[in-house]
Every structure is written in C-alpha cells, then in structure tokens.
Amino acid sequence: MITPQFDSAKIESLGIDPTQIPKHIAVVMDGNGRWAQERGLKRTEGHMRGEDALFECIEGALELGIGWVTVYAFSTENWRRPKEEVKFIVNFNRDTLRRRRDELHARNVRIRSIGRRNWRMPRGLLRVIDESVEQTRDNDRMTFTIAFNYGGRAELVDAVKALVAAGVPADKIDEKAISAHMYAPDMPDPDLIIRTSGENRISNFLVWQAAYSEFLFLDSLWPDFDRTSVYDAVREFQARSRRFGGL
Ligand code: FPP
C-alpha cells in the first residue's frame, strides 16, 4: 500500500487549512538542560527526552504534509560548553541517528545535514551522517536536515570563500549567487522558525535564509514539545499575514 502523503480531512479537523501549510519549518530545540535541572535530573536526561520531542515534531510535521524540517542540533558556538557535555551531545547525536535512521527511512524521510564539515567535526558522527544521507537520498515525503556544527555566519563565510575560490567576479555576485553557495542550495527558506525555552533570539541559525521567516518563540522547554505543538505552531502561522515587503 502506498502511504498517503497527508490526509486533508484530518488536517481540517485540527483547524488547519491544508492549502496553507508551511513548506519548511526550522526549529531551535532549546531548554533540554533546564527541563532536567528543574526535575533534579542530569542535563543529559533532558537531551534524551529531547529526542522523543524531536521525533514527535517530525511525526506531526509528516501528518500535516510539511516537506522540510530543519533542526539546530549543535552550533559552531556550542564547542564552548564544558568538554563532558560537548562529548555527550556529539555521541548522543551520532547514536540517535544510528538508532533511528531506519525508522526515518521507512517513513520516506530524506536525511541531510548542514554545517562545517572540515572544522572540528568528529569523524564518527560524520560517517553516520553520510551513511544516513546516502541511505535515504531518494526519499521524497520530507527532507529532515540536521544542523550540526552549524553557524549562519560561518555558512556565509564559507559561501564567500567558495565564490572567491571559483573566481566569480564582484559584479556577478548577487543574492542568487550567494544562495547557490549555501550548504543546501536547494533548501527552501524556512517559512516558520520555532524556538522553545523563552529565549527570543536566532542565535546564528539560518541567518541568511531567515530574512522573511515568521518567528514563533515559545516559553515551554523542548522536551515538552510534541505533535500538538506542531499543530499549534501551524495554526499560529496561518493566522499571520505575510507580505514579503509588499502591501
Ligand atoms: C539545547 O538544549 C539542545 C541541544 C544542544 C541538543 C538537542 C539535540 C537533540 C534533541 C537530538 C538531536 C538528534 C538528532 C539526530 C538531530 P540546552 O542544553 O541548550 O538546554 P538549556 O538551554 O536549558 O541549557
């Protein structure tokens, strides 16, 4: 049986307009550490609960027919955290992906990643990412992009370096040329960027691509996010009017 891409009647029953679904949502999964600390648990427990929230988020997005989901898993600035936590997050991302990539593949999800590959990137994680990307390359229900060792400014620096290295003359550098040298040039700009945990900042996430994104800052902590949070976010998105600088 072919899995239906999405069920319009079900989407409508959730109070969501199936014709106005955001094409791409990007998420800053913040507040795992605080979630754990509030409960007297180790910060690492919060990250582990964050995995459940992430897969709930993906499930909700699949139900609504959202074609692109991008998550901020580790920033170029996160290396400043205590060594033990950095080590945990790196291994946790690697192990989560290794454990769950078959499940994503079975759901027809294409896995990709953005971020600096040639600076500090642990080889084991890179290998699991590359294997997952290869395994799922032909899937077409959703593209799930993991931003690891990612920084929006670093991405712009890398794009400029690539343009210079390609010998592109100054008068040929325009927005299209810069977009074409981003880590994932075919990725549509995010329509909606969600950040949990009450922090109202972008923190170097998709700075170029976020020019016209809607932002949704939630007070709840990432481990408490679930598929109903995706429905709520899309309802909020649909209630806003986007004019892209026009009238
Ligand atoms: C931020 O919480 C969260 C992270 C640094 C990591 C989130 C990663 C996952 C949930 C899993 C990712 C797995 C894959 C395969 C993409 P925080 O530590 O900043 O929390 P705090 O602000 O309360 O300290």
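Provided above is the structure to which this section pertains.
Values in this document were obtained by computation on a predicted structure and should not be read as measured data. (Residues numbered from 1 in each chain as written. Predicted model: local features only at pLDDT ≥ 70, side-chain atom pairs only at ≥ 80, totals over all residues. Heavy atoms only, no water.)

Colleague: Talk me through the overall build of the protein; I want residue IDs and the actual numbers.
Modeller: Looking only at helices and strands, one finds 8 helices and 6 strands in the protein. Along its sequence from the N terminus, the protein presents helices and strands in the succession α-β-α-α-β-α-β-α-β-α-α-β-β-α. Computed over its C-alpha atoms, the radius of gyration of the protein comes to 18 Å, within 12% of the 18 Å expected for a compact globule of 247 residues. Principal axes of the C-alpha set define a box for the protein whose edges measure 55 × 50 × 40 Å. Each of the 247 residues in the protein was classed as buried or not, and the buried ones make up 48%. Sequence separation of at least 24 residues holds for 79% of the intrachain contacts in the protein that already meet a minimum separation of 6. Accessible area for the protein stands at about 12900 Å²; split by element, carbon and sulfur atoms hold 50% of it. Across the protein, 37 positive and 37 negative side-chain charges occur, with their mean positions spaced 6 Å apart. (Helix = DSSP H or I, 4+ residues; strand = E, 2+ residues; numbered from the N terminus. Rg over C-alpha atoms; globule rule 2.2 N^0.38 Å. Buried < 20%, exposed > 50% of the residue type's maximum accessible area, 1.4 Å probe, protein only. Contact = heavy atoms within 4.5 Å. Areas by Shrake-Rupley, 256 points an atom, 1.4 Å probe, with all protein chains shown as cover. Lys, Arg positive; Asp, Glu negative; His and termini not counted. Charge placed at Lys NZ, Arg CZ, Asp CG, Glu CD.)

Colleague: Can you lay out helix α8 (residues 227-239) for me, pointing to particular residues and giving the numbers?
Modeller: An ideal rise of 1.5 Å per residue puts 18 Å on 13 residues; α8 measures up with 19 Å between its terminal C-alpha atoms. Of all the residues in α8, the buried ones are Ser229, Val230, Tyr231, Ala233, Val234 and Phe237. Turning to α8, the residues buried within the fold contact α1 (8-13), α3 (43-64), β5 (192-195) and β6 (214-217). (Expected span 1.5 Å × (residues − 1).)

Colleague: Could you give an account of the site of the ligand, naming the residues involved and the relevant values?
Modeller: Lining the immediate surroundings of the ligand are 18 residues, of which Asp30, Gly33, Arg34, Arg43 and Arg81 lie closest. One nitrogen or oxygen atom from the side chain of Asp30 is found 3.0 Å from an oxygen atom belonging to the ligand. Within the side chain of Arg81, an N or O atom sits 2.7 Å from an oxygen atom of the ligand. For the ligand, the accessible surface in isolation is 640 Å², of which the surrounding protein chains cover 93%. Listing elements by their share of the shell around the ligand, those giving two or more residues are α2 (32-38), α3 and α4 (83-106). In terms of residue count, α4 provides more of the shell around the ligand than any other element does, 5 residues in total. Considered class by class, the residues forming the shell around the ligand number 6 nonpolar, 7 polar and 5 charged. (Near = heavy atom within 4 Å. Polar contact = N/O pair within 3.5 Å; in protein donor to acceptor, adjacent residues only side chain to side chain. Nonpolar A, V, L, I, M, F, W, Y, C, P; charged D, E, K, R; others polar.)

Colleague: Break down the sheet that holds strand β4 (residues 142-150) for me, with residues and values.
Modeller: If you trace the 6 strands from one edge of the open sheet to the other, you get β3-β4-β2-β1-β5-β6, paired in parallel fashion. Because the sheet does not close on itself, it has two edges, and the strands there are β3 (109-114) and β6. Averaged over all neighbouring strand pairs, the angle between strand axes comes to 20°, with direction disregarded. Where strand β1 (residues 24-28) and β5 come together, 4 bridges link them in parallel fashion. Each bridged residue has a counterpart across the sheet, and for Ala26 the counterpart in β5 is Ile193. Packing of α4 onto the sheet brings it into contact with β2 (68-75), β3 and β4, and relative to β3 it is tilted by some 155°. (Pairing = 2+ DSSP bridges. Axes fitted to C-alpha atoms, helices over the stretch in contact; angles between N-to-C directions.)

Colleague: Let's hear about the packing of aromatic side chains: which residues, and what values?
Modeller: Applying the stated rule across the entire model yields 9 aromatic pairs. When the ring of Tyr150 is compared with that of Tyr183, the centres are 6.1 Å apart and the planes differ by 75°; the resulting orientation is edge-to-face. One end of the pair, Tyr150, is in strand β4; the other, Tyr183, is in the loop between α7 (175-180) and β5, with 33 residues separating them in the sequence. The class for Tyr150 is buried, based on a relative accessible area of 0%. The ring of Phe55 carries the charged tip of Arg100 above its face, separated from the ring centre by 3.7 Å. (Phe/Tyr/Trp six-rings, centres within 6.5 Å; stacked < 30°, edge-to-face > 60°. Lys NZ or Arg CZ within 6 Å of the ring centre and 35° of its normal.)

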